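Next come the chains, spelled out residue by residue.
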Amino acid sequence: MSQASTPTPPFDTKHELVNDTELEMHPLNTKRRMDEYLHRETCLKDPNSTDAIGLNDIYSHLWMAGLLAANTRPLHYHKFLGRDIVIVEQMRLHLTWRNNQVFLKPIPKCFLNHNFWSTNICKDPALHNQVLRFLFTYIRLIKHESDFNLAHKYELLPEGISWKQWIDFTLPFPSQPTERQRDRWDYGDLRLSRINLVVRVFCWRPFRGWIMLRTDYNAYFTSFFAVLAATFAVFSVALSAFQVAMSPDFASPHVLKAGYWFSIVSLLLLVASFVGVILWFVALFLSNAIFAVKSTFGRRKRIRAGSSAQP
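Quick summary incoming for the structure in this document. As the structure is a prediction and not an experimental result, all values here were calculated from the model. (Residues numbered from 1 in each chain as written. Predicted model: local features only at pLDDT ≥ 70, side-chain atom pairs only at ≥ 80, totals over all residues. Heavy atoms only, no water.)

Remarks on the packing of aromatic side chains
What counts here: Two rings from Phe, Tyr or Trp (for Trp, the six-membered ring) form a pair when their centres are within 6.5 Å of each other. A pair whose planes differ by under 30 degrees is stacked, one over 60 is edge-to-face, and the rest are tilted. Strands here are runs of E lasting at least two residues and helices are runs of H or I lasting at least four, both read from the DSSP assignment and numbered beginning at the N terminus. Categorising residues by exposure relies on relative accessible area from a 1.4 Å probe, with only protein chains included: less than 20% of the type maximum marks a residue as buried, more than 50% marks it as exposed, and the intermediate range marks it as partly exposed.
Scanning all chains against the criterion turns up eleven aromatic pairs. Taking 5.8 Å as the distance between ring centres and 65° as the angle between the ring planes, the aromatic pair formed by Y59 and Y187 counts as edge-to-face. Taken together, the residues Y59 in the loop between α1 (31-42) and α2 (75-80) and Y187 in the loop between α6 (163-170) and β4 (190-191) connect sequence positions 128 residues apart. The same class applies to Y59 and to Y187, which are both buried. With a centroid separation of 5.4 Å and an interplanar angle of 55°, the aromatic rings of F169 and F173 are classed as tilted. F173 matches F169 in its accessibility class, with the two residues each being buried. A network of ring pairs unites the aromatic residues F11, W117, F136, W166, F169 and F173 as a single cluster.

This is how it looks when you write it as structure tokens:
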């Protein structure tokens, strides 16, 4: 039986954008530290959570959050849509967006160095695939020189790279990556609010979702009260209409009965809504407290494990 071929760097030494002299990896001089660095740079889950949900875990629902990778919008088009480019260092947040913000992870220098690929990335086929598909997102994001200038402006690329060098670097890449592999990279820019909805509904995480987009209770519950205010505004208009219809002496008994029960139901919904908001606040507070405790103990456990692994 033939063995699978060993992965190779997607570019040659002649076209690398960061040479060995420019690549300073002194703090990562041990295999353990290098493995930790690569895991941190490519992890698609929240490293601070022991039961985090990754985008690959909800792959079958990602169609709700975005289009396929071939439809990735270039940088200039995000600016056309009025979105600010926000730098993130977490791979899981790369190429996601909300409202007027799009989140992008800068390309680490080592991902543009041929020797680093040969020494550290090509040894692990899964890691090779992950980094390669990450680079493909930038091939789609930087299609024009205006995109390239935006990438430099927001420090998405290392300094000192010219437009011609970028073109030469991307030429060895195939026009399309390998076939769909049922992972996050099959899709382009993903909408965070839709990802949160998917996780809340299909993974039963009603409180935290995939990521907390609001970091204080005031902002979190403002959206609730906005919906409640709009709902009860409609009920208020309906009650006023019933009041007018019931005022004449010749009002139909059916109208009187409907108006009476509508008033009762409206009062019950009002009480239930405010009780529901209070219960939701208590449940959210407890969920955050449990998450904080788990994160603290998980972090301490990882620190102890790292200390015991040191020579």
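Description of the pattern of salt bridges
Rule in force here: Salt bridges are defined as contacts in which a side-chain nitrogen from Lys or Arg sits within 4 Å of a carboxyl oxygen from Asp or Glu.
Overall, the coordinates contain six salt bridges when judged by the stated rule. Of the charged contacts in the structure, one is a salt bridge between D189 and R73, with a shortest N-O distance of 2.4 Å. One end of the pair, D189, is in the loop between α6 and β4; the other, R73, is in the loop between α1 and α2, and 116 residues separate them in sequence. Residue classification places D189 among the buried positions, given a relative accessible area of 5%.

Some points on the nonpolar core
This is how the line gets drawn: Only buried Ala, Val, Leu, Ile, Met, Phe, Trp, Tyr and Cys residues count toward a nonpolar core, and they belong to the same one when joined by side-chain atoms within 4.5 Å. In what follows, residue pairs with any heavy atoms lying within 4.5 Å of each other are defined as contacts.
L75, L104, I107, Y138, I142 and W166 are the most contacted members of the largest nonpolar core, which totals 43 residues. Of all the secondary-structure elements, those providing two or more residues to this core are α1, β3 (101-104), α3 (114-121), α4 (125-141), α5 (145-153) and α6. Here this core takes eight residues from α4, the largest share from any one element. If near-sequence neighbours (up to four positions away) are discounted, W166 is found in contact with L17, I107, Y138, I139, I142, F148, L157 and I161. Listed in part, the 17 residues of the second largest apolar core include I53, Y59, L62 and V199.

Topic: the side chain of T170
Convention followed: Pairs of N or O atoms are called polar contacts if they sit within 3.5 Å, as long as, within protein, a hydrogen donor faces a hydrogen acceptor (for residues adjacent in sequence, only side-chain-to-side-chain pairs).
One can find T170 in helix α6. Polar side-chain contacts of T170 include one of 3.0 Å to the backbone oxygen of I167.

Some points on empty space enclosed by the protein
Which parts of space are left empty comes out when a probe the size of a water molecule is rolled across the atoms. Here is the rule: Cavities and pockets were defined on a 1 Å grid built over protein atoms only: a cavity is a set of grid points that admits a 1.4 Å probe from which the probe cannot escape, a pocket is an open set flanked by protein on both sides within 12 Å along at least five of seven lines, and lining residues are those with an atom within 4 Å of any such point. Grid points are joined across faces, edges and corners, and a volume is the space filled by probe spheres set on the points. When residues are sorted by character, Ala, Val, Leu, Ile, Met, Phe, Trp, Tyr, Cys and Pro go into the nonpolar class, Asp, Glu, Lys and Arg into the charged class, and all the rest, Gly among them, into the polar class.
Following the criterion strictly, the structure yields one cavity of 30 Å³ or more and no others. For the largest cavity, the lining is made up of eleven residues, of which A69, R133, T137, R140 and W185 are closest to its centre. Residues that form the lining of the largest cavity fall into these classes: six nonpolar, three polar and two charged.

Details of the pairing of β3
Quick note on the threshold: Any two strands with at least two DSSP-identified bridges between them are counted as paired.
Both strand β1 (residues 84-87) and β3 contribute to a ladder of four bridges, which runs parallel. Of the residues in β3, the one forming a bridge with D84 is Q101. Pairing of strand β2 (residues 96-98) with β3, which is carried by three bridges, proceeds in the antiparallel orientation. By the bridge assignment for β3, R98 is matched with Q101. What sits between β2 and β3 in their antiparallel hairpin is a turn of two residues, with N99 showing a positive phi close to 45°.

A few points about the environment of L132
Among the structural elements, L132 can be located in helix α4. Discounting chain neighbours no more than four positions away, the residues touching L132 are P10, W117 and F173.

What about a nonpolar patch on the surface?
Filter applied, for reference: Residues form patches when they are more than 30% accessible in relative terms and have no salt bridge. Like charges link within 9 Å. Nonpolar side chains (Val, Leu, Ile, Met, Phe, Trp, Tyr) link within 5 Å. Note on areas: Shrake-Rupley with a 1.4 Å probe; residue coverage comes only from the protein chains shown.
A cluster of nonpolar side chains, namely I278, F281, V282, F285 and L286, defines an oily patch on the protein surface of about 470 Å² accessible area. With respect to the secondary-structure elements, F281 resides in helix α9 (residues 253-309).

Structural notes on the packing of α3 against α4
For the record, the criterion: Orientation is described by axes fitted as lines to C-alpha atoms, over the contacting stretch for helices, and by angles from 0 to 180 degrees between their N-to-C directions. Left-handed describes a crossing whose near helix is turned anticlockwise from the far helix by less than a right angle; the clockwise case is right-handed.
Relative to each other, α3 and α4 sit at 150°, their axes nearing to 10 Å. For the pair α3 and α4, the sense of crossing is right-handed. Across from W117, N120 and I121 in α3, the residues of α4 making contact are L127, H128, V131, L132 and L135. The residue makeup of the contact of α3 with α4, split by class, is six nonpolar, two polar and no charged.

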